[in-house]
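Per-entry structural report
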Amino acid sequence: MTRPRWFTTLLTGVAALAAATAATAVAIAPAQAAATLTQVTGFGSNPGALSMYAYRPTGLPTGAPLVVALHGCTQTANDYFANSGWQKYADLYGFALVLPQQSSANNANSCFNFFQPSDATRGQGEALSVKQMVDYAKTNYGSDAARIYVTGLSAGGAMTSVMLATYPDVFAGGAVVAGLAYRCATDTSSAYTCMYGAVSKTPTQWGDLVRNAYAGYPGPWPKVSIWAGSSDTTVVPANADELRDQWVNVHGISTTATGTSSLPASTTRTVYGTGQVITYRVQGIGHGTPVDPGSGVDQCGAAAAYFLDSICSSYRIAQDWGLATGGPAPSPSASASPAPSPSASPSASPSPSPTNQPCFTASNYAQTTAGRAHQSGGYTYANGSNQAMGLWNVAVIHTLRQTGPNYYVLADGQC
């Protein structure tokens with residue numbers, strides 16, 4: 001039977017549509033599944049009997065940084081992953097996360113045993129278990145050994161102090177949130193004494209405790225930031241002062257601040273030295289990790305028990321560690337004042353450029369006061385181009401070239 005021409009045309013069209021649909025299906029089939037928090041076993045001898053969880057953003061290349069995040073008492077690795085905001089920045093800036101998890105079998109409240117010498121000594125217990133997790137990540141994820149960082153809340157913050165003191169050769173930096181100085185406590189009783197009342201020692205006494213944790217270690221020492229809520233009654237804010245004294249002494253820098261910044265949520269950021277030690281004091285919050293739910297680049301996390309709606313600490317910590325290189329700039333919402341007076345800062349010196357565009361060489365502080373740059377969150381950004389210039393202080397010096405009205409670009413070595 002001879003088919004009508006319209007029927008043949010219809011069959012041809014259906015075949016073409018089917019082929020196009022199949023091609024589309026083939027094109028989208030290889031899409032990778034979203035990354036998830038995954039438990040890892042067999043990461044080492046694990047003398048501290050901890051569990052390891054890891055998160056690797058889809059497509060993360062080798063050579064990326066690694067952040068170790070330690071939960072607080074009564075929490076789990078998933079709690080910290082879901083609420084702290086670290087997943088957002090792992091995805092945004094490209095780094096892996098390792099989240100150790102304590103068990104009630106080790107501690108009734110699932111607190112890391114930072115106060116037990118057997119768990120807070122190099123080469124032993126929980127400290128060694130966390131270090132083995134880092135080794136696993138370096139071997140299996142290709143994590144950059146020079147860009148490994150650690151942070152944690154409460155007992156996790158105190159355990160962060162342990163890791164920084166016992167393995168300064170492993171970590172480039174750390175952030176202690178509502179935690180304690182290293183070896184403030186050596187048993188359960190002294191842990192409560194530190195938490196509720198703080199223990200006063202001289203900076204040298206505190207520093208010696210860290211230096212003795214890895215005797216003979218020549219440095220360099222990790223950078224440390226310290227977070228405290230003004231209304232914290234679980235780990236009183238005075239502990240932040242002891243932590244500051246400990247690490248300022250270890251770094252051999254002055255206890256006199258070199259700069260202060262006012263951040264959102266009534267937060268004061270204070271810098272010591274050139275940023276080796278930084279303190280963040282958040283007014284009006286109690287015991288917990290500061291978060292700031294929202295979609296802004298400097299917003300993160302979810303409010304929950306021990307996750308306090310105030311400022312996104314994870315964002316600020318990532319900035320301090322330099323993890324945000326190449327990422328979006330923060331919201332220009334902060335105001336700042338130098339401390340001490342920057343009267344000794346170099347004055348800007350304009351010099352001609354080959355293209356007759358004026359250049360200005362000055363400290364980051366001087367560039368902002370001259371109106372060529374602005375600061376946010378303690379960091380400096382060129383006006384117009386918004387290029388990152390580093391810490392907002394009198395020590396960091398850059399050359400800016402003016403290429404238009406209130407538009408400046410970095411021109412170090414080019415003018």
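Scroll up a little and you will see the structure.
Described below are features of the structure shown in this document. Predicted, not measured: the structure shown is a model, and the values here were computed from it.

1. What to know about the state of the cysteines
All chains considered together, the criterion is met by 3 disulfides. What pairs with Cys300 in a disulfide is Cys312, and their sulfur atoms sit 2.0 Å apart. Linking Cys300 and Cys312, the disulfide has an S-S dihedral of approximately 105 degrees and is accordingly described as right-handed. Note that Cys300 is positioned in the loop between strand E11 (289-291) and strand E12 (307-309) and Cys312 in the loop between E12 and helix H9 (313-320), a separation of 12 residues in sequence.

2. Observations concerning helix H3 (residues 86-93)
Of the residues making up H3, those classed as buried are Trp86, Tyr89, Ala90 and Tyr93. Seen from one end, H3 has its buried residues packed into an arc of 105 degrees, which puts them on one side. Check the buried side of H3 and you find it contacts strand E2 (51-55), strand E3 (66-70), helix H2 (77-83), strand E4 (96-101), strand E5 (148-153) and H9. Just past H3, the residue Gly94 takes up positive phi, approximately 85 degrees.

3. Focus: the packing of helix H4 (residues 125-140) against helix H5 (residues 155-166)
At a minimum axis distance of 10 Å, the contact between H4 and H5 shows a crossing angle of 75 degrees. Relative to H5, the element H4 lies roughly perpendicular. Contacts from Glu126, Ala127, Val130 and Lys131 in H4 reach Met159, Val162, Met163 and Thr166 in H5. Of the residues contributing to the contact of H4 with H5, the split by class is 5 nonpolar, 1 polar and 2 charged.

4. Focus on the pattern of salt bridges
Taken as a whole and assessed by the stated rule, the structure comprises 9 salt bridges. For Arg122, the salt bridge goes to Asp169, with nearest N and O atoms at 3.1 Å. Linking Arg122 in the loop between E4 and H4 with Asp169 in the loop between H5 and strand E6 (173-177), this pair joins segments that are 47 residues apart in sequence. Judged by its relative accessible area of 28%, Arg122 falls in the partly exposed class. Two residues, Lys138 and Asp135, come together in a salt bridge whose shortest N-O distance is 3.7 Å. Pair noted here: Lys138 and Asp135 are both in helix H4, with a separation of 3 residues, about one helical turn. Sharing partners across several salt bridges, the network here consists of Asp241, Arg244, Asp245 and Arg281.

5. Here we look at the packing of aromatic side chains
A complete count under the given rule lists 13 aromatic pairs for this structure. For the ring pair Tyr89 and Tyr315, a centre distance of 5.8 Å and an interplane angle of 50 degrees mean the geometry is tilted. Within this pair, whereas Tyr89 is found in helix H3, its partner Tyr315 is found in helix H9, the two being separated by 226 residues in sequence. Aromatic pair Trp227 and Tyr280: ring centres 4.0 Å apart, planes at 5 degrees, arrangement stacked.

Scoring rules and cut-offs
Residues numbered from 1 in each chain as written. Predicted model: local features only at pLDDT ≥ 70, side-chain atom pairs only at ≥ 80, totals over all residues. Heavy atoms only, no water. Disulfide = S-S within 2.5 Å. Helix = DSSP H or I, 4+ residues; strand = E, 2+ residues; numbered from the N terminus. Buried < 20%, exposed > 50% of the residue type's maximum accessible area, 1.4 Å probe, protein only. Arc of directions from axis to C-beta. Contact = heavy atoms within 4.5 Å. Axes fitted to C-alpha atoms, helices over the stretch in contact; angles between N-to-C directions. Parallel < 35°, antiparallel > 145°, perpendicular 65-115°, else oblique. Nonpolar A, V, L, I, M, F, W, Y, C, P; charged D, E, K, R; others polar. Salt bridge = Lys/Arg side-chain N within 4 Å of Asp/Glu carboxyl O. Phe/Tyr/Trp six-rings, centres within 6.5 Å; stacked < 30°, edge-to-face > 60°.

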